[in-house]
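So the chains spell out like this:
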Amino acid sequence: MPSWKEHIPSIGTLGPFLALLIACTFFSFQSEQFFTGANFSLILQQIMVVGLIAIGQTLIILTAGIDLSCGMVMALGGVVMTKVAHDFGLPPSLAIGLGLTVTAGFGLLNGLLVTRIKLPPFIVTLGTMNIAFAITQLYSGSQTITDLPASMTFLGNTFNLGQTQVAYGTVLMLVCYALSWIWLRETAAGRHIYAVGNNPEATRLTGIPTHRVILMVYVLAGLCYGVASLLSVARTGVGDPNAGQTENLDAITAVVLGGTSLFGGRGVVLGSLIGAMIVGVFRNGLTLMGVSSVYQILITGILVILAVATDQLSRKGGR
Amino acid sequence: MSPHPEHNALPLVIQAKGLVKRYGQVTALDGADFELRAGEILAVIGDNGAGKSSLIKALSGAITPDSGDIFLDGQSVCFKSPIEARRAGIETVYQDLAVAPAMTIAENLFMGREIRRTGLLGSLGFLDKKRMLNDSIAYMQELKIGIRSMTQAVETLSGGQRQGVAVARAAAFARHVVIMDEPTAALGVKEGNMVLELIRNVRDRGLPVVLISHNMPHVFEIADRIHVARLGRRAAVLNPKAITMSDAVAVMTGAMKPEDIPTEWLAH
């Protein structure tokens, strides 16, 4: 019989949450503005793009892969959906659909290269990162796309929850996290992703089509980046060809800080939300303290190494 | 060298005739025969390079022989992959503990054959975790594997218990045969004995077992018959009750020629 102890999350899952609490406590003492509803709503708005990219990135990292192209694909999606709406007057729903198709298409390309030609995900996505960036610049002529229809930026609007203004995009991000969490936990397809990351050979021998699982993961990740494009457009109000450059590595940072193992097969997608919040809280808190942005980058770097080191050491300890 | 057919009371579950497998210059299988009967534990022994693992790979679908025939319950079969063999009811437990370490015992037992819920949620791929959990508990009890909780990760188990999970999974889904490749090799004495007991339980539930092992005491402890592979062929099928370990080793190494083997050593 399962004992009650197994329903309590382990230290590994609680670690990121504790880190977030400690960071929040620290910044609350440093700045009076930090611990306010308005500031937390702002943090959530600041992380919604990275948060959505991190969902896709989590799926890929769970299969022991990595996607370096995520931010660039997101930027391309944003440019495509805004430019077709702006240049050809396409209805927003169609323009958004086209953007999602492009980002999912990049996911498919990554997935095919990983599963069919059996190239390492690191190399594949390093290549597609540059390709996506170049296409973004060429297609947009490195120009920001403005004058967008209001419905494309709707997710950037806010509603009042008590005293606090909450963006619709924040809600969408949280809904996406809830759905992907349930999907990964409760469905056969979700468990197969973990199985592939844990032991690909054993998984293949049980008859699970591992290549199809991996391909599906890259396409779904592409779709997540597409939704992130929409959030980025909504938040900034423009199609920005230079978007996604900090989000690219921030998304990987969020996943790793959230406790998902870079070796695959272990992790919880909600951890990536916590991870994204840790990154967001540090950025926001250090800004409120008046610390230069260079130090924010420095601290993010240290956090990533700490998180990966913890992952590595806990795996060794588990043997 | 074939056993006297008139003595074969029990039906053949797997029969292979004249299997040949070449890798360039190397002949791994040189006309190997194989017979597994219902309800028995058949040990396969042989020196390195005797064609023991090629034989097992051919039976489990990991390689396709260049020529020769394999019959499963009298039907001719030709497996292109381990998945095909598995679908036909032949389950293989691999040496390297083929489990997903971070996943639970129940998840490992049902991997690739998950039970879905009924209705709309089921068609969306939602799992009936409760049923899988209960089935796992019942199943592990039936095989007398003493593990308390099916929701603990496999990596928290000892090597023997992990092997127990792998064997239980194979036995749960095999319809015809369970093949075990060195299931006790990585284990200590106590754990090894636990796995032997488990193999007996599997046979007593009616599934024949093919056991590949280097461990002679283990082979003599549980095998009903011993298939000796040598030079890519079957040298003999020995009766462990009629011979000593050194006799078996003599046949295995070629110190005793197949034609010189006394008839009373042979298994019928």
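As the structure is a computational prediction, the values presented were derived from the model and not from experiment.

Participant: I'd like a description of the overall build of chain A, backed by residues and values.
Facilitator: Secondary structure summary: chain A contains twelve helices and two strands in total. Computed over C-alpha atoms, the radius of gyration of chain A comes to 20 Å, within 12% of the 20 Å expected from 2.2 N^0.38 for 319 residues, which places it in the range of a compact globule. With respect to the principal axes defined by its C-alpha atoms, chain A has extents near 60 × 55 × 35 Å. Buried residues in chain A amount to 50% of all 319 residues. Put simply, of all contacts in chain A between residues at least 6 apart along the chain, 77% involve residues at least 24 apart.

Participant: Quick one: what's the story with the sheet that holds strand 8 (residues 209–212) of chain B, residue by residue and with numbers?
Facilitator: Residues and elements named next belong to chain B. With mixed pairing, six strands are arranged side by side in an open sheet as 6-7-8-3-9-10. A single partner strand is all that each edge strand has here, and the edge strands are strand 6 (90–93) and strand 10 (233–238). Neighbouring strand axes in the sheet, compared pairwise and without regard to direction, differ in orientation by 20 degrees on average. Two elements, strand 3 (residues 41–45) and strand 9 (residues 225–230), share four bridges in a ladder whose sense is parallel. Its bridge partner lying in strand 9, Ile 45 is registered against Val 228. Most of the contacts of helix 1 (residues 52–60) go to strand 7 (residues 177–181), to which it runs at about 145 degrees, and overall it touches strand 3, strand 6, strand 7, strand 8 and strand 9. Across the face of the sheet, helix 7 (residues 189–204) comes into contact with strand 3, strand 7 and strand 8 while running at roughly 155 degrees to strand 8.

Participant: Can you lay out the sheet that holds strand 4 (residues 67–72) of chain B for me, pointing to particular residues and giving the numbers?
Facilitator: Residue and element names in this part refer to chain B. The strand order 2-1-4-5 describes an open sheet built from four strands, whose pairing is antiparallel. In this open sheet, the two strands that pair with only one neighbour each are strand 2 (26–37) and strand 5 (75–77). Recorded for the sheet is a direction-independent mean angle of 25 degrees between the axes of neighbouring strands. Across three bridges, the pairing between strand 4 and strand 5 is antiparallel. Note that in strand 5 the partner of Phe 71 across the bridge is Ser 76. Across the face of the sheet, helix 1 comes into contact with strand 1 (12–23), strand 2 and strand 4 while running at roughly 60 degrees to strand 2.

Participant: Give a description of the pairing of strand 1 (residues 158–161) of chain A that names residues and reports values.
Facilitator: Residue and element names in this part refer to chain A. Sheet topology places strand 1 next to strand 2 (residues 164–167); four bridges connect them, and they run antiparallel. Along strand 2, the bridge assignment pairs Phe 159 with Val 166. Once strand 1 ends, the chain turns through two residues before running back antiparallel as strand 2, passing Gly 162 with a positive phi of about 65 degrees.

Participant: Give a description of helix 7 (residues 188–198) of chain A that names residues and reports values.
Facilitator: Helix 7 of chain A sits mainly inside the fold: ten of its eleven residues count as buried. Residues of helix 7 of chain A that are buried include every one of A:Ala188, A:Gly190, A:Arg191, A:His192, A:Ile193, A:Tyr194, A:Ala195, A:Val196, A:Gly197 and A:Asn198, and no others. Among the structural elements, helix 2 (37–62), helix 6 (168–186), helix 8 (200–205) and helix 9 (210–236) of chain A together with helix 3 (105–109) of chain B are those in contact with the buried residues of helix 7 of chain A.

Participant: Can you explain the interface of chain A and chain B? Please cite residues and give values.
Facilitator: Interface extent is often summarised as the accessible area lost during association of the parts. Counting residues at the interface gives 21 residues for chain A, matched by 22 residues for chain B. No other element matches the six residues that helix 7 of chain A contributes to the side of chain A that touches chain B. Of the residues assigned to the side of chain A that touches chain B, the class counts are eight nonpolar, nine polar and four charged.

Participant: So what's going on with the packing of helix 6 (residues 159–173) of chain B against helix 7 of chain B? Residues and values would help.
Facilitator: Residues and elements named next belong to chain B. It is the contact of helix 6 with helix 7, at a shortest axis distance of 9 Å, that shows an interaxial angle of 15 degrees. Taken as axis vectors, helix 6 and helix 7 run roughly parallel relative to one another. Crossing angle aside, the handedness with which helix 6 passes helix 7 is right-handed. Where helix 6 approaches helix 7, its residues Gly 159, Gly 160, Gln 163, Gly 164, Val 167 and Ala 171 are matched on the opposing element by Glu 191, Met 194, Val 195, Leu 198 and Val 202. Residue composition of the contact of helix 6 with helix 7, by class: six nonpolar, four polar and one charged.

Participant: Outline the domain arrangement of chain B, supporting the account with residue identities and numerical values.
Facilitator: All names here are of chain B. Taken as a whole, chain B is organised into domain 1 (10–96 + 158–265) and domain 2 (103–152). With ten residues of domain 1 at the interface, the matching set in domain 2 holds ten residues. Of the residues forming the side of domain 1 that touches domain 2, the biggest block, eight residues, is contributed by helix 6. For the side of domain 1 that touches domain 2, a count of residues per class yields six nonpolar, three polar and one charged.

Participant: Provide a residue-level description of the environment of A:Leu184, including the pertinent values.
Facilitator: Residues and elements named next belong to chain A. When you line up the elements, Leu 184 lands in helix 6. Along the backbone, Leu 184 and Val 268 are 84 residues apart, and their C-alpha atoms lie at a distance of 8.5 Å. Each residue touching Leu 184, except ones within four places of it in the same chain, is listed here: Gly 190, Ile 193 and Val 269.

Cut-offs and rules
- Residue numbers restart at each chain and count upward from 1, following the sequence in its written direction.
- Chain labels run from A onward and ligand labels from 1 onward, assigned in the order the entries are written.
- It should be noted that, the model being predicted, local features are given only for residues of pLDDT at least 70 and side-chain atom pairs only at 80 or more, the latter also being counted only at that level, while totals for whole chains, interfaces and linings use all residues.
- Helical segments are the DSSP runs of H or I of at least four residues, strand segments are the runs of E of at least two, and each set is numbered from the N terminus.
- Each radius of gyration reported is based on C-alpha atoms, and the globular scaling rule is 2.2 Å times the count of residues to the power 0.38.
- Any residue whose C-beta has 12 or fewer other C-beta atoms within 10 Å is treated as exposed, any with 20 or more as buried, and any in between as partly exposed, C-beta atoms being built from the backbone.
- Two residues qualify as a contact pair if the distance between their C-beta atoms, derived from the backbone, is within 7 Å.
- If DSSP finds at least two bridges between two strands, the strands pair.
- To get an axis, fit a line to the C-alpha atoms, keeping to the stretch in contact for a helix; angles then go from 0 to 180 degrees between the N-to-C directions.
- In this count, Pro and Cys sit with the nonpolar residues alongside Ala, Val, Leu, Ile, Met, Phe, Trp and Tyr, while Asp, Glu, Lys and Arg are called charged and the others, Gly among them, polar.
- Convention used here: angles under 35 degrees read as roughly parallel, angles over 145 as roughly antiparallel, angles from 65 to 115 as roughly perpendicular, and any remaining angle as oblique.
- For a crossing to be left-handed, the near helix must be turned anticlockwise from the far one by less than a right angle; the clockwise case is right-handed.
- Where each domain begins and ends follows an automated or database-derived domain assignment.

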